[in-house]
Structures are given as C-alpha cells and as structure tokens.
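# Overview (structure and organization)
As a plain string of letters, each chain reads:
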Amino acid sequence: MDSADENGLELVKLDALVVMKIIKHCRENLPSLVTGQLLGLDFGPVLEVTNSFPFPGSTEDEEETEAQAEDGADYQFQMMRSLREVNVDSNTVGWYQSTYLGSFLNEAMIENQYAYQDTLKKSVVLVYDPLKTNSGHLSLQAFRLTDAFMALYKAGEFTQEKLIEFDIMSSDIFQEIPIQIHNPELVKAFLLDYGQTESKDCDFDRFDLSTNPFLEKNINFLSDCLDDLSQEQNKLQFYQRNLVRQQQQQKTFLEKRRAENAARKARGEEMLPEDEAALFKPIPPPSRLDSLLISNQIHSYCKNINQFAGESFTKLFLAGQLHETQ
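Residues numbered from 1 in each chain as written. Predicted model: local features only at pLDDT ≥ 70, side-chain atom pairs only at ≥ 80, totals over all residues. Heavy atoms only, no water.

### A word on unusual backbone geometry
- Unusually for a residue other than glycine, Asp167 sits at a positive phi of about 55°.
- Topologically, Asp167 is positioned in the loop between helix H6 (160-166) and strand E7 (174-177). (Helix = DSSP H or I, 4+ residues; strand = E, 2+ residues; numbered from the N terminus.)

Pasting the structure below:
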C-alpha cells in the first residue's frame, strides 16, 4: 500500500477521545464487525478528527433492508444536527470500521470508501483491529483509495487490459496515511497528575510468551486466501482456454466460408457474408478485482506474521537470557 497521497493529505490527527470511542464501540460488539462516522476538519495536508459516533447496524447474519438503510440515514442526520446545535464539529471527514486480524480488504469497503471519497476528496477510513491490539500494539490505521484506482473503479471494468491501461497492481488500491494521536492540554494535565499517584495496576499481559494462537489464525487465513487466489487463477485460465477455442473456431469458419465464396463466385452465384460476429458471441472476461483484493490481503497477512514473529523471537531470546543468568 502506498504511503503518499496525491491530494496532499499527509497526516490524520486524531483526538484521543475519538480513539477511545472507536475502541469502546468495537470491543463492546465483538465478534460482530461495526462501523461509525468520523467528524472533524481538514487544514491543508492535515485532517483533524475531533469526534465520532457509531452507526446502528444489524448483525452479520442479517441482510440490511431498505427500511433499515433509511433508518440508518435518518439516525446519521439527527446525530449530526444534534452535534451542530451544541457547537461540536459536525463535518464528515470519513468513517471507521472494525476488522478481524486485518481481513478488511473487500468490495464492500471499497464501495463505501469510493462513495465517501467521490464526495469528500480528503475523507479517510480508519480500521481498528481489536484482536491484533490484544497482542500488544494498537492496531489503528488510516486508508484512502489511490487516484489511479478511483479512476479504474469509476470506469467499472476490471479486466486485464484495464489494469494494464491504468497501471494498477494489488499494492495500488489503498494508500496508508500516517496517524498522530494528541490530547487537549487539560487531559495532559490530568494524566500528569494521575501519573504521580501511588496506586497503579500493573498489567503483565505484554510478557506473555505464547505465540501459537495469533500465528495460527494468521496462517489459516493466509491459507484460505491462497486457495481463493488459486480459484481466481483457474477462472482466468478457463477464460483463456475458451477464448483460444473460439478463435480457432472463427478461423476455421472463415476458411470454410472463403472457400465456399470462391466456389460460388466461379459459378456466378451471390457471395455469402464473411462476418462471424452473429455466430460467435464475445466471451466476457472475468473481473480481476477479486484477484487484486486477495493479493493485497495475502500481503497484509504476511506482514502481520513477519512483524509478530520478529517481536516474539525478541521476547523469547530475552526470556532465555534472563533464565540463563538465573
């Protein structure tokens, strides 16, 4: 994923309260995936997110009806109007969603982000992974669709020829924008005062040396993605075989028709048309969007495995050295 933004967006500045709201909303609804609205302002290359609120949604097993979609739109309108009445930033700057071990790259996310970005040029999507955060690092990332992919998605064709024309690879779908979390001065003063108190709880979860659950889940997801990518490749090969077979049939038809026309011309009869379009309908090429998303998801899983394995080895070597010194 690219880290540079063509529209001049260089940084997403998050208020700490927004981060806490997103974390609370996502964790309270596990294992369901949730979404919400981001509010704030953009100042040149910096997008400031100062508030957020969750979207009401159905569970994953329920399909969203038109009535539920209308209720959701009314809820968003009422929330933004209420925030405006109390002089809180009510400008939409994007949305957020939760994910499960980085498995957020799908057509639904692209469709939503395209709708936001087509209307609001500097809108972003924040992706929070509560399960990955439990391993010791805050997993909160900001993404945007690249301009090249926006043009490709607007064209609506994801054939191999279009991918070559727009010079799109799996890494050219999203671009990641750096995130900076900041606190107001009053919050900083409170944290400083709180840090001087004597009663503090100590959390030793970061010293957990178990690596099997996290790595096992990522490897299982990686294996599923590889199977999906193999199926997409089989679809492409099936299309190519059918295309070659049709081209051979067209060539045979033209040879026979030309020979027949030569004989009819010799007899002084009317020539037959050599247009084979009516007999051979063009075979539609398969969409390559799924292959792009799966390839990008594979890269994400490999990155997670590499990062987590490296940190786990560091902890294991440290624990081994401590054990030897004892």
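So that's the structure; there's more coming.
### Brief notes about the packing of helix H3 (residues 107-119) against helix H5 (residues 147-155)
- Taken N-terminus to C-terminus, the directions of H3 and H5 make an angle of 105°; their axes are 11 Å apart at the nearest point. What the angle tells us is that H3 and H5 run roughly perpendicular. Two secondary-structure elements touch here, H3 through Ile110, Glu111, Tyr114, Gln117 and Asp118 and H5 through Phe149, Met150, Tyr153 and Lys154.
- Looking at the contact of H3 with H5 residue by residue, the classes come out as 5 nonpolar, 1 polar and 3 charged. (Axes fitted to C-alpha atoms, helices over the stretch in contact; angles between N-to-C directions. Parallel < 35°, antiparallel > 145°, perpendicular 65-115°, else oblique. Contact = heavy atoms within 4.5 Å. Nonpolar A, V, L, I, M, F, W, Y, C, P; charged D, E, K, R; others polar.)

### Some details on helix H1 (residues 16-28)
- Here H1 spans 18 Å end to end across 13 residues, near enough to the 18 Å set by a 1.5 Å rise per residue.
- Those residues of H1 that sit buried are Ala16, Val18, Val19, Ile22, Ile23, His25 and Cys26.
- Sitting at the head of H1, Asp15 places a side-chain oxygen 2.9 Å from the backbone nitrogen of Leu17. (Expected span 1.5 Å × (residues − 1). Buried < 20%, exposed > 50% of the residue type's maximum accessible area, 1.4 Å probe, protein only. Polar contact = N/O pair within 3.5 Å; in protein donor to acceptor, adjacent residues only side chain to side chain.)

### Notes on the side chain of Lys132
- The topology assignment puts Lys132 in helix H4 (residues 130-133).
- Buried charge without a salt bridge: Lys132, with Asp129 as the nearest opposite-charge side chain at an N-O distance of 6.0 Å.
- Once you skip the residues sitting within four places of it in the chain, Lys132 turns out to touch Leu101, His137, Ser139, Phe214, Asn304 and Gln307. (Lys, Arg positive; Asp, Glu negative; His and termini not counted. Salt bridge = Lys/Arg side-chain N within 4 Å of Asp/Glu carboxyl O.)

### Here's the deal with the packing of aromatic side chains
- Here the structure, examined in full by the defined rule, presents 7 aromatic pairs.
- With centroids separated by 6.2 Å and ring planes inclined at 70°, the aromatic side chains of Phe53 and Phe55 adopt a geometry described as edge-to-face. Each member of the pair, Phe53 as well as Phe55, is classed as buried.
- Where Tyr114 meets Tyr153, the ring centres are 4.8 Å apart and the plane angle is 45°; that geometry is what we call tilted. Of the two residues, Tyr114 sits in helix H3 while Tyr153 sits in helix H5, which places them 39 residues apart along the sequence.
- Relative accessible area serves as the criterion here: at 15%, Tyr114 is assigned to the buried category.
- The class for Tyr153 is partly exposed, based on a relative accessible area of 22%.
- Aromatic rings pair up to connect Tyr114, Phe149, Tyr153 and Phe158 into one cluster. (Phe/Tyr/Trp six-rings, centres within 6.5 Å; stacked < 30°, edge-to-face > 60°.)

### Structural notes on the sheet that holds strand E5 (residues 124-128)
- Read from one edge to the other, the open sheet built from 8 strands follows the order E7-E6-E5-E4-E2-E3-E1-E8, with strand pairing classed as mixed. Strand pairing shows two members of the sheet lacking a second neighbour, E7 and strand E8 (179-182), which therefore form its edges. Each neighbouring strand pair of the sheet contributes to a mean axis angle of 35°, computed without reference to strand direction.
- As paired strands, strand E4 (residues 92-98) and E5 are joined by 5 bridges and run parallel to one another. Of the residues in E5, the one forming a bridge with Ser98 is Tyr128.
- Sitting on the sheet, H1 touches strand E1 (11-15), strand E2 (35-43), strand E3 (46-54), E4, E5, strand E6 (140-145) and E8, and the angle it makes with E3 is about 40°. (Pairing = 2+ DSSP bridges.)

### Brief notes about the environment of Gly36
- Counting through the fold element by element, Gly36 comes out in strand E2.
- Sequence spacing of Gly36 and Gln97 is 61 residues, and the spatial spacing of their C-alpha atoms is 6.5 Å.
- Leaving out residues up to four positions away in the same chain, Gly36 has contacts with Phe53, Pro54, Phe55, Trp95 and Tyr96.

### With respect to H3
- Across its 13 residues, H3 extends 18 Å between first and last C-alpha, which sits within 8% of the 18 Å expected from 1.5 Å per residue.
- Here H3 has its buried residues at Met109, Ile110, Gln113, Tyr114, Tyr116 and Gln117.
- Of the residues flanking the start of H3, the one acting as N-cap is Asn106, its side-chain oxygen 3.3 Å from the backbone nitrogen of Ala108.

### Some thoughts on the confidence of the model for the protein
- Residue-level pLDDT values for the protein average 78, and 78% of them are 70 or greater.
- Predicted confidence is poor over residues 59-63, with pLDDT under 50, and the contacts of this stretch with residues over four places away or in other chains come to 4 contacts. (pLDDT = per-residue confidence, 0-100.)

### Topic: the state of the cysteines
- Counting across every chain of the model gives 0 disulfides.
- Note on Cys302: no disulfide assigned, nearest cysteine sulfur contributed by Cys225 at a separation of 9.4 Å.
- Classification of Cys302 by relative accessible area gives partly exposed; the value is 38%. (Disulfide = S-S within 2.5 Å.)

### Notes on the pattern of salt bridges
- This structure, assessed with the given rule, holds 3 salt bridges.
- A salt bridge links Glu28 to Lys24; the shortest N-O distance between them is 2.7 Å. On the criterion of helical spacing, the pair formed by Glu28 and Lys24 is a turn pair, its members being 4 residues apart in helix H1. Both residues of the pair, Glu28 and Lys24, belong to the exposed class.

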